[in-house]
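Summary of the model geometry
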Amino acid sequence: MTLQPKCEDVETAEGVAITVTGVAQVKVMVDNELLGYACEQFLGKSVMEIKSVILQTLEGHLRSILGTLTVEQIYQDRDRFAALVREVAAPDVGRMGIEILSFTIKDVYDKVEYLSSLGKSQTAAVQRDADIGVAEAERDAGIREAECKKEMMDIKFQADTKMADSKRGLEMQKAAFNQEVNTKKAEAQLAYELQAAKEQQKIRLEEIEIEVVQRKKQITIEEKEIDRTEKELIATVKRPAESEAYKMQQLAEGQKMKKVLTAQAEAEKIRRIGEAEAGSIEAIGKAEAEKMRLKAEAYQHYGEAAKTALVLEALPKIAGKVAAPLAQTNEIVILSGDGSRVTGEVNRLLAELPVSVNALTGVDLMKIPFLQKMTNPQA
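Residues numbered from 1 in each chain as written. Predicted model: local features only at pLDDT ≥ 70, side-chain atom pairs only at ≥ 80, totals over all residues. Heavy atoms only, no water.

**As for the overall build of the protein chain**
Rules: Going along the chain from the N terminus, every DSSP run of H or I of four or more residues is numbered as a helix, and every run of E of two or more is numbered as a strand. To sort residues, take the accessible area from a 1.4 Å probe on protein chains only and compare it with the maximum for the residue type: under 20% means buried, over 50% means exposed, and anything in between is partly exposed. Here, two residues are considered to be in contact whenever any of their heavy atoms come within 4.5 Å of each other. Areas reported here follow the Shrake-Rupley algorithm with a probe of radius 1.4 Å; residue values treat only the protein chains shown as occluding.
A count of helical and extended segments in the protein chain gives 8 helices and 4 strands. In sequence order, the protein chain lays out its α and β elements as β-β-β-α-α-α-α-β-α-α-α-α. Put simply, the protein chain has 379 residues, and 14% of those count as buried. Taking contacts inside the protein chain between residues at least 6 apart in sequence as the whole, the part at least 24 apart equals 63%. Here the protein chain has roughly 29,500 Å² of accessible surface; of this, 59% comes from carbon and sulfur atoms.

In structure tokens:
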């Protein structure tokens, strides 16, 4: 089968839209397995349908390859472009049992006159090459002329160099002579300065020795002055201070002894006063004890009569203490409707008095004869 794939207005890698037509020769492969693929794909279809399927496959690969190439690559190397299409499309159509026998580019054109511009650029390139050829010829002529001038200048330079070398040799010899002379002068000057330095060093050493001697003398004088000052301080400050300290110490010890003796005397005084007071108290106590003893013996001797005498002796005092609050009372009013009852109340109070005295002292007043008559007039 002969197919004519065509891709219109397909953009190349540079974005230029071109139209490409080609011619492809294909056939069904006779290998049993591949023939089975072809039967599976195309059995029951007409020749036109088979051509349409294969054509669409070729055009799809052609379109994809155009997008990866430039116009110049497609136009100038059509064989390589066709081989690339066969290489890419062969596996796909081979899986359909179809073999590409050949594929060629029939025509390439565009609607924006890009390809015609390439022709013009080619013409311009040829013209450019011609101009370049003329320029190169002129350049070669100029180079040759420059080379001749260079040769002439080289010869002149060589002559000048030889003259300069001779002059430099003369100057170097002069410099060497001057250097030798200056070296000798410098050595002589250095030797003079070195000797002068040695002499100056000797002078300085002698000056240092003199300063050392003077310093030793000054130190001796200062040591003597220090000894004198120390002795003067001992005589004027230390000794008076020691005397004053000894005086203060003796005074302090005297004051201390005085206070001790005063304290001892005061203690002795207090001790003796205490002993005297103790003796007085002891004597008073012994006298009181003797008095009480004698009273006890008298009470024991006289018995109840003595006790009664003591009670009678104490009754006025007791009555005085009891009547002390009543001494400040102007009058006592006993309220009673019966005059005989006043007398009865007074008699009752007198009758209760012995009982109260017995309770306080243990002495029974009712045993005294004249009190019995007072309390019991009928008796």
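**Quick notes on the side chain of Thr 12**
Among the secondary structure elements, Thr 12 is positioned in the loop between strand 2 (6-11) and strand 3 (17-28). Beyond its immediate stretch of four places on either side in the chain, Thr 12 contacts Ile 18, Leu 66, Gly 67, Leu 69, Thr 70, Val 71 and Ile 74.

**A closer look at the pairing of strand 3**
Quick reminder of the rule: Strands qualify as paired when DSSP identifies two bridges or more between them.
In terms of strand pairing, strand 1 (residues 2-3) meets strand 3 through 2 bridges, oriented antiparallel. Within the sheet, the bridge partner assigned to Thr 2 lies in strand 3 and is Gln 25. Examined bridge by bridge, strand 2 and strand 3 share 4 bridges and lie antiparallel to one another. Directly across from Lys 6, in strand 3, lies its bridge partner Thr 21. Between the end of strand 2 and the start of strand 3, which pair antiparallel, lie 5 residues, with Gly 15 showing a positive phi angle near 85 degrees.

**Concerning the confidence of the model for the protein chain**
Note the threshold: Scored from 0 to 100, pLDDT records how confident the predictor is in each individual residue.
On average, the protein chain scores 77 in pLDDT, and the residues at 70 or more come to 76%. Mean pLDDT values for the elements of the protein chain range from 53 in helix 8 (residues 369-375) up to 86 in strand 1.

**Re the packing of helix 2 (residues 47-66) against helix 4 (residues 78-94)**
What counts here: The angle between two axes is taken between their N-to-C directions and runs from 0 to 180 degrees, where each axis is a line fitted to C-alpha atoms and a helix contributes only its stretch in contact. The cut-offs work like this: below 35 degrees is roughly parallel, past 145 is roughly antiparallel, 65 to 115 is roughly perpendicular, and the gaps in between are oblique. Working rule for handedness: look at the near helix, and if it is turned counterclockwise from the far one by less than a right angle, call the crossing left-handed; if clockwise, right-handed. The residue classification treats Ala, Val, Leu, Ile, Met, Phe, Trp, Tyr, Cys and Pro as nonpolar and Asp, Glu, Lys and Arg as charged. All others, Gly included, are polar.
Where helix 2 contacts helix 4, the axes come no closer than 9 Å and their chain directions differ by 135 degrees. Overall, the two elements helix 2 and helix 4 adopt an arrangement that is oblique. Relative to helix 4, the crossing made by helix 2 is right-handed. Contacts between helix 2 and helix 4 pair Thr 57, Leu 58, His 61, Leu 62, Ile 65 and Leu 66 from the former with Phe 81, Leu 84, Val 85, Val 88, Ala 89, Asp 92 and Val 93 from the latter. Here the contact of helix 2 with helix 4 is built from residues that sort into 10 nonpolar, 2 polar and 1 charged.

**Quick word on the nonpolar core**
Defined as follows: Remark: nonpolar core denotes a set of buried residues (Ala, Val, Leu, Ile, Met, Phe, Trp, Tyr, Cys) joined through side-chain atoms within 4.5 Å.
If you look at the biggest cluster of nonpolar residues, it comprises 30 residues, and the most contacted ones within it are Ile 18, Val 20, Ile 54, Leu 66 and Phe 81. Of all the elements in the fold, those that place two or more residues in this core are strand 2, strand 3, helix 2, helix 3 (71-76), helix 4 and strand 4 (98-110). For this core, the element with the most residues is helix 2, which contributes 6 residues. For Leu 66, the residues in contact, after removing those within four places along its chain, are Cys 7, Val 10, Glu 11, Thr 12, Ala 13, Ile 18, Val 20, Ile 74 and Phe 81.

**Thoughts on helix 1 (residues 32-42)**
Basically, it comes down to this: Identification of polar contacts relies on pairs of N or O atoms within 3.5 Å, with a donor-acceptor requirement for protein atoms, meaning one able to donate a hydrogen and the other able to accept it, and with residues adjacent in sequence counted only if both atoms are side-chain atoms.
Among the residues of helix 1, the N-terminal cap falls to Asp 31, whose side-chain oxygen and the backbone nitrogen of Glu 33 are separated by 3.2 Å. Once helix 1 ends, the next one or two residues include Gly 44, with phi positive near 95 degrees.

**Digging into a negative patch on the surface**
Rules: Patch definition: residues with relative accessible area over 30% and no salt bridge; like charges joined within 9 Å; nonpolar side chains (Val, Leu, Ile, Met, Phe, Trp, Tyr) joined within 5 Å. Just to be clear on terms, a salt bridge is a Lys or Arg side-chain nitrogen sitting within 4 Å of an Asp or Glu carboxyl oxygen. For the purpose of charge, His is not counted, nor are the chain termini; Lys and Arg are scored as positive and Asp and Glu as negative. Positions of charges follow a simple convention, taking NZ of Lys, CZ of Arg, CG of Asp or CD of Glu.
Among the surface-exposed residues, Glu 222, Glu 223, Asp 227 and Glu 230 lie close enough to one another that they form a single negatively charged patch. Within the element layout of this structure, Glu 230 appears in helix 5 (residues 114-302). For Glu 230, a relative accessible area of 46% corresponds to the partly exposed category.

**Here we look at helix 4**
To keep things clear, this is the line we draw: A helix is expected to span 1.5 Å for every residue after the first. To obtain the bend at a residue, axes are fitted to the seven residues ending there and to the seven starting there, and the angle between these axes is taken.
The end-to-end C-alpha distance of helix 4, which contains 17 residues, comes to 23 Å, matching closely the 24 Å that a straight helix rising 1.5 Å per residue would cover. For helix 4, the principal kink sits at Val 88 and spans about 30 degrees; a proline, Pro 91, occurs within the next four residues. The complete set of buried residues in helix 4 reads Phe 81, Ala 82, Val 85, Ala 89, Val 93 and Gly 94. Tucked into the core, helix 4 has its buried residues touching strand 3, helix 1, helix 2, helix 3 and strand 4.

**Describing a nonpolar patch on the surface**
A cluster of nonpolar side chains, Leu 205, Ile 208 and Val 212, forms an exposed patch at the surface whose accessible area comes to about 230 Å². Among the secondary structure elements, Val 212 is positioned in helix 5.

**Quick word on the pattern of salt bridges**
One pass over the structure, following the stated rule, counts 16 salt bridges. Among the ionic pairs, Glu 145 bridges to Lys 149, the shortest N-O distance being 3.8 Å. You can see Glu 145 and its partner Lys 149 sitting in helix 5, 4 residues apart, about one turn around the helix. On the accessibility criterion, Lys 149 (49% relative accessible area) is partly exposed. Among the ionic pairs, Glu 268 bridges to Arg 272, the shortest N-O distance being 2.9 Å. Within this pair, Glu 268 and its partner Arg 272 are both found in helix 5, separated by 4 residues, close to a single helical turn. The exposed category is assigned to Arg 272, whose relative accessible area is 54%.

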